[in-house]
Structure formats: C-alpha cells, structure tokens
Amino acid sequence: MKALSLITNEFYDLLERNNLLERLVSSEIVNEIINSYKIDIDDAKKNQIKQTIITTEKIKSEEDYKNWLDKKNISEENLINDFLKPMKLDNYLLEKYSNRAESRFLKRKDSLEIITYSLVRVKEMFLAQELFLRIKEKPSELGNISSAYSIGHEKNSKGVVGPISMSKGNPNLMQLLQKSKIGEVNQPCRIDDVWIITRVEFRKEAILDEKTRLLLCQEIFNEWLKQKIDESIKKLKIDLNHA
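1. Brief notes about the sheet that holds strand β1 (residues 114-122)
Ordered in space as β2-β1-β4-β3, the four strands form an open sheet in which the pairing is antiparallel. Both outer strands of the open sheet, β2 (160-165) and β3 (189-191), are each paired with one neighbouring strand and no more. With strand direction ignored, the average angle separating the axes of adjacent strands in the sheet is 50 degrees. Pairing of β1 with strand β4 (residues 194-204) involves nine bridges; the strand directions are antiparallel. Each residue of the ladder has a partner; that of Val-120, found in β4, is Ile-197. Against the sheet, helix α6 (residues 125-137) engages β1 and β4, with an angle of about 35 degrees to β4. Sheet strands in contact with helix α7 (residues 142-149) are β1 and β4, and its direction is about 50 degrees off that of β1.

2. Observations regarding the packing of α6 against α7
Close contact between α6 and α7 brings their axes to 10 Å; oriented N to C, the two are set at 155 degrees. By the angle between their directions, the pair α6 and α7 is classed as roughly antiparallel. For the element pair α6 and α7, the recorded crossing hand is right-handed. Only Leu-142, Ile-145 and Tyr-149 of α7 make contact with α6, whose side of the interface consists of Leu-127, Leu-131, Arg-134 and Ile-135. Taken together, the residues of the contact of α6 with α7 sort by class into six nonpolar, no polar and one charged.

So, how was this worked out
Residues numbered from 1 in each chain as written. Predicted model: local features only at pLDDT ≥ 70, side-chain atom pairs only at ≥ 80, totals over all residues. Heavy atoms only, no water. Pairing = 2+ DSSP bridges. Helix = DSSP H or I, 4+ residues; strand = E, 2+ residues; numbered from the N terminus. Axes fitted to C-alpha atoms, helices over the stretch in contact; angles between N-to-C directions. Contact = heavy atoms within 4.5 Å. Parallel < 35°, antiparallel > 145°, perpendicular 65-115°, else oblique. Left-handed = near helix turned anticlockwise from the far one by under 90°. Nonpolar A, V, L, I, M, F, W, Y, C, P; charged D, E, K, R; others polar.

So this is what it looks like as structure tokens:
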C-alpha cells in the first residue's frame, strides 16, 4: 500500500483526531484488492452499465451524458470502472472464501433461519399476563391487541415482525423463538425491561444459496480486514516512530 507510505506524522495525527485513520487504511486495502482483480467486460456489458447510469441519473440525451461526465470530472472508462468495483469485490470474495463459507454455514445454519413472528410489548407484568390470557382465548385478536397496547414499532403492523434472519434479532428473543412451535402463543417473558408475548407465524430453513454464500464470504472478509487494518496501523506507527 504505497499511499500509506506517504503519510507524515502530522497527517497521521490529523487522521487520528478526526477518526479517519482506520477508514483510510481500510479503503486502501480494499482498493488494492479491487485494482488487482481483473474481470473481462465486453462492449455489450459496458453499454449496459452506461444505460443503467443514464436511467438512474435521468439523463435524456448523449449530449447531456457527456456534459454530466464533464461536471463529474470523470471519464467514461473511469466511471464504468467505479461502477464495477462492488461486483469485482464480490467476485473476489466468492472465489477466495466460498469453501470457508460452506463450513461457516453448517455451524450457523440455525441462526440464519428466516422467521416471521407476532409480538406484543408492554411495560407492566400484570398487563402482559392479562393480554396473554385474552390472546389464548381468542388467538385472532393478537394483531388488534398489539396495535392497541404494544409500545414498539410492531404496533403499526398489527404485531407482525419479519420475515427476518434469526441472526438479526435480539439474541434472547431469537433464542425463545427458536424453541417455539409455529402458531403457539408464548407465555409473557421479560427481555430488556419489557414484557413480551410472542407467536411464531412462519419459519424458513436456511439454505446456502448465492445470496447467503456471499453474505458469509463478506463476514469472513470483514474479520480478515479488521485484522489487516490493525496490523497496517501498527506497522505505520513503527515506520513513523509514532508514540
């Protein structure tokens, strides 16, 4: 990373004071990977990218497109290269980490399950118990009860939350839902100073499709990147003889 060798002590202090040092190092590491990764793009693909940009930016003519490039102070070649950066990084990650993604998937399969559930959140234990009994007596009322009593955003969707990945939710709540049967109303329990009533509506077993594979590759890469950033900053400090 040649750019990091240009950093002076004064510039280092400036970056650190403004919490920009890690971001800069991260950007340099990622850009180095992207620039060294080559993909073949034919003229048809380049034209497709160009048309996508024209549509997104609401550009009406070829002349407007050229003027737009001038205003951005960028050539069409560099614009297309910038557009390709996310694709190049994704392709790199899939090539490098796919095998490790498979083993990670097997370890985390349960947490990657997709779930939809209904939720009621209230502050008072006695109110939670009263609402639970009402729902047990008439399960179809859970949505109306959540709209009327719930203190969270789920009140705007008649208590329904999801579909979401089990890995995205509150760990304690997800652990409860993982053990629950579909359609069964769970007894009120306290999580984070709030009493909750839940019911699993739907669950979908996780599969290692391309989207999930890429997500896991990104996780593995981000773990490596964090370590690489720390190592690079440590080396930079030594090179600058920075305390």
